Amino acid sequence: MSKIKRIAALLLALVMVMGMSVTSFAEKKKPTENDSMKVTIENVEAGATFRAYQLIDAAYDPNGGGFTGYVWAEGTSNAGQKVTFQNENGEENIVGLTDQLVTALAANPSGLTGVNPEGAFDPAQDALTAGTWMILVTPPTTNSVKVYNPMIVSVYYKVDGSGSMGELDSDKLDANTNWTLETTNAFAKSSEITLTKDLDNPQVDTEVMVGQIVPFTITSQIPSYSSEYYKDPVFKISDTIVNGLEYTGEPQVYVGGVLAVGSQAPAVSSQAPAGTQYTLTYNSTSGFEIAFTKEYIHSLAVKSAEDRAVTVKYSAKVLDSAVTKVGENKANVEYSSTPGQTATKEDKEYVFTFALHGVFNKVDDANKKLKGAKFTLYVEDKNGSETLKWSETETENLLVSKVNDYTTTDDGEIKFKGLDGDKVYYLKETEAPSGYSINDTIYKVTFEFNKPDNYEGADTTYTVHVSNNKNDETASYTVTYGESHTDQYGQIAVGSATDIPNTKLSSLPSTGGIGTTIFTIGGCLIMIVAAGLFFATRKKSAK
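What you are looking at is a predicted structure, and each value in this text was computed from that prediction instead of being measured.

A.B. asks: What's the story with the pattern of salt bridges in this structure? I'm lost.
C.D. replies: Two side chains bearing opposite charge may form a pair once their charged atoms approach each other closely. In this structure the tally under the stated criterion is 14 salt bridges. Note that Lys294 and Asp232 form a salt bridge whose closest N and O atoms lie 2.9 Å from each other. Of this pair, Lys294 sits in helix H4 (residues 294-299) while Asp232 sits in the loop between strand S17 (213-221) and strand S18 (235-243); the two residues are 62 residues apart in sequence, bridging distant segments of the chain. For Lys294, a relative accessible area of 34% translates into the label partly exposed. Note that Glu429 is salt-bridged to Lys362, the shortest N-O span being 2.7 Å. Placement of Glu429 in strand S33 (residues 425-431) and of Lys362 in strand S28 (residues 354-363) is noted, with a sequence separation of 67 residues between them. When sorted by exposure, Glu429 lands in the same class as Lys362, which is buried.

A.B. asks: Help me understand the sheet that holds S28 in this model?
C.D. replies: Sheets are built from strands paired through backbone hydrogen bonds, the pairs being either parallel or antiparallel. Taken in spatial order, the 3 strands line up as S32-S28-S37 in an open sheet, and their pairing is mixed. The sheet is open, and its two edges are formed by strand S32 (413-419) and strand S37 (498-501), each paired on a single side. Strand-to-strand twist across the sheet, computed as the mean angle between neighbouring axes with direction ignored, equals 30 degrees. One ladder, built from 4 bridges, connects S28 with S37; its direction is parallel. Bridge pairing links Asn361 to Asp499 in S37.

A.B. asks: Mind showing me how you'd approach the layout of surface pockets here?
C.D. replies: Picture a little ball the size of a water molecule; that probe, rolled over the atoms, points out where space is still empty. The volume enclosed by the largest pocket comes to roughly 980 Å³. Broken down by secondary-structure element, the contributors of at least two residues to the lining of the largest pocket are strand S6 (91-94), helix H2 (99-107), strand S12 (151-159) and strand S14 (186-187). Within the lining of the largest pocket, the residues separate by chemical class into 13 nonpolar, 12 polar and 4 charged.

A.B. asks: Please explain the sheet that holds strand S35 (residues 460-468) as it appears in this structure.
C.D. replies: Taking strand neighbours across the sheet as the criterion, the 7 strands line up as S30-S31-S29-S33-S34-S35-S36 in an open arrangement whose pairing is antiparallel. The open sheet has two edge strands with one neighbour each: strand S30 (386-388) and strand S36 (474-481). Geometrically, the sheet is characterised by an average inter-axis angle of 40 degrees between neighbouring strands, direction not taken into account. Note: S30 against strand S31 (residues 398-407), 3 bridges, orientation antiparallel. Its bridge partner lying in S31, Leu388 is registered against Leu398.

A.B. asks: Quick question: what am I supposed to make of H2 here?
C.D. replies: Since the α-helix advances by 3.6 residues per turn, residues separated by three or four positions end up pointing in the same direction. Taken together, the buried positions of H2 are occupied by Val102, Thr103, Leu105 and Ala106. What you see down the axis of H2 is that its buried residues fit within an arc of 165 degrees, all on one side. Taken together, the buried residues of H2 touch strand S3 (49-61), strand S10 (131-138) and S12.

A.B. asks: Explanation requested: the pairing of S36 in the structure shown.
C.D. replies: Looking along a regular strand, one sees the side chains alternate between the two faces of the sheet. Pairing of S35 with S36, which is carried by 8 bridges, proceeds in the antiparallel orientation. Its bridge partner being in S36, Thr460 is matched across the sheet by Tyr481. The turn joining S35 and S36, which pair antiparallel and follow one another in sequence, is formed by 5 residues.

A.B. asks: Can you help me understand unusual backbone geometry in this one?
C.D. replies: Most peptide bonds take the trans form, and the phi angle of most residues other than glycine is negative. If you check the backbone angles, Asn43 has positive phi at about 65 degrees while not being a glycine. Along the polypeptide, Asn43 turns up in the loop between strand S2 (41-42) and S3. Look at Asn43 and you get partly exposed, because its relative accessible area is 29%. Of note in the backbone geometry, Asn454 takes a positive phi value of approximately 55 degrees without being a glycine. Of note, Asn454 is situated in the loop between strand S34 (442-448) and S35. The class for Asn454 is exposed, based on a relative accessible area of 73%.

A.B. asks: Even after reading the chapter, I still don't get the pairing of S31, so can you show me in this structure?
C.D. replies: Of the pairings in the sheet, the one linking strand S29 (residues 374-380) to S31 comprises 7 bridges and is antiparallel in character. Bridge assignment links Glu380 to a residue of S31, and that residue is Val400.

What counts as what
Residues numbered from 1 in each chain as written. Predicted model: local features only at pLDDT ≥ 70, side-chain atom pairs only at ≥ 80, totals over all residues. Heavy atoms only, no water. Salt bridge = Lys/Arg side-chain N within 4 Å of Asp/Glu carboxyl O. Helix = DSSP H or I, 4+ residues; strand = E, 2+ residues; numbered from the N terminus. Buried < 20%, exposed > 50% of the residue type's maximum accessible area, 1.4 Å probe, protein only. Pairing = 2+ DSSP bridges. Axes fitted to C-alpha atoms, helices over the stretch in contact; angles between N-to-C directions. 1 Å grid on protein atoms, 1.4 Å probe; cavity = no way out; pocket = protein on both sides within 12 Å on 5 of 7 lines; lining within 4 Å. Points joined across faces, edges and corners; volume = space filled by probe spheres on them. Nonpolar A, V, L, I, M, F, W, Y, C, P; charged D, E, K, R; others polar. Arc of directions from axis to C-beta. Contact = heavy atoms within 4.5 Å.

Pasting the structure below:
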């Protein structure tokens, strides 16, 4: 029995050894031209699309012997020739695979072999065969923020002890070699497209008065456009007045902090003068365009991001049209997103001006609307040349500057427009209609406004607060403002208007006791008696 057991154990061990041998044999695989692997591409926007073209191919023994090395792919100038590798400063380089070669092929890849027709490539779905590939990225058609340079990615064979593509450039791999397929993956090199348009002093220039000069700044950055890949790069910055503003002069353009050299845009058939870095098209009421020349753009390709930074400075005056529709102007950058395509990016800025409309009415003592009353609006100003006595208890008068006058018409309303929401205003009657006394009450006016986040020109609201120096009464009014309105003073305020009454002089009440009336009557009687005595005396003398 023990002998039978020993024979059975021997047979079992033999079966296990045979099984391991079969498994080992099954795991061995010969390298073939179908070997492929997916690659990972990082630092790319969602929605971007890709194209992949082969620059270096893997060569195989035509007799089925496996991988024999790397050769230049079809469409390259050295197609079919063996690729050589060189180690410099610890980095492995493919001899001949230069930036100049890659950008030249990227500009015209029509002769190269793509992973799919026309190079269309989806990294999530498509695997790349062994060799070196050029990856081209097309930014998303909307909301793109980057311009991409061509990328290189390799899929290569690796064996125990081999850590790079070049270490196997001449070693033959077959089914007896313990090999794996690896990839270098890719990190997309790109230039980010930035565009910001800002008020230089947003704390004081968001809320403005008509006639005020408002400074603006546009910032951007010219991408790194190589002359080999981008033959005719486009980079233009434009600014358009939508409403309520007018330029005070041509913009100043700085690149890398240095004032750039510009000229007026030439005729279509003409060239810009030599040395010109940009051309300018300018209209004081509508907009301007700054177009950088391709020669200047190419010269910046090797510069740092700081040296390619663009700053545009200009100022604009607030116009009366900003009363009926919010003041708006927008900046736009047009740039080459690929060698044959352009894309745009936009940013806007708004200025807000305020009005008194539907806030004050002039009425008589019967509460009927009164015309012919003149009112003066003052603005609080520490450098003002005029003063107002707000309170009898205050020792110092208010320093103010005159803003404007308004004389009431048949509707009795007191209206002002184009006011700065950050200021404090005072309204005072300075001339009463004929037959009426002046109302000496002074009214204080302030505005409350918070610009909505991500504002895009739609209607919003502000609040007008009114108080006076005679009592503690206050009133508040809500005004809608933003979109276009036909009334030259904008939308009428919501709320019961503050009535400012005037009294007729004939209606003025007497005050105190009998006053001077009795003395007037007595004086008249004395004068009559004196006159009678005078004429009586003359008559007697004549007799």
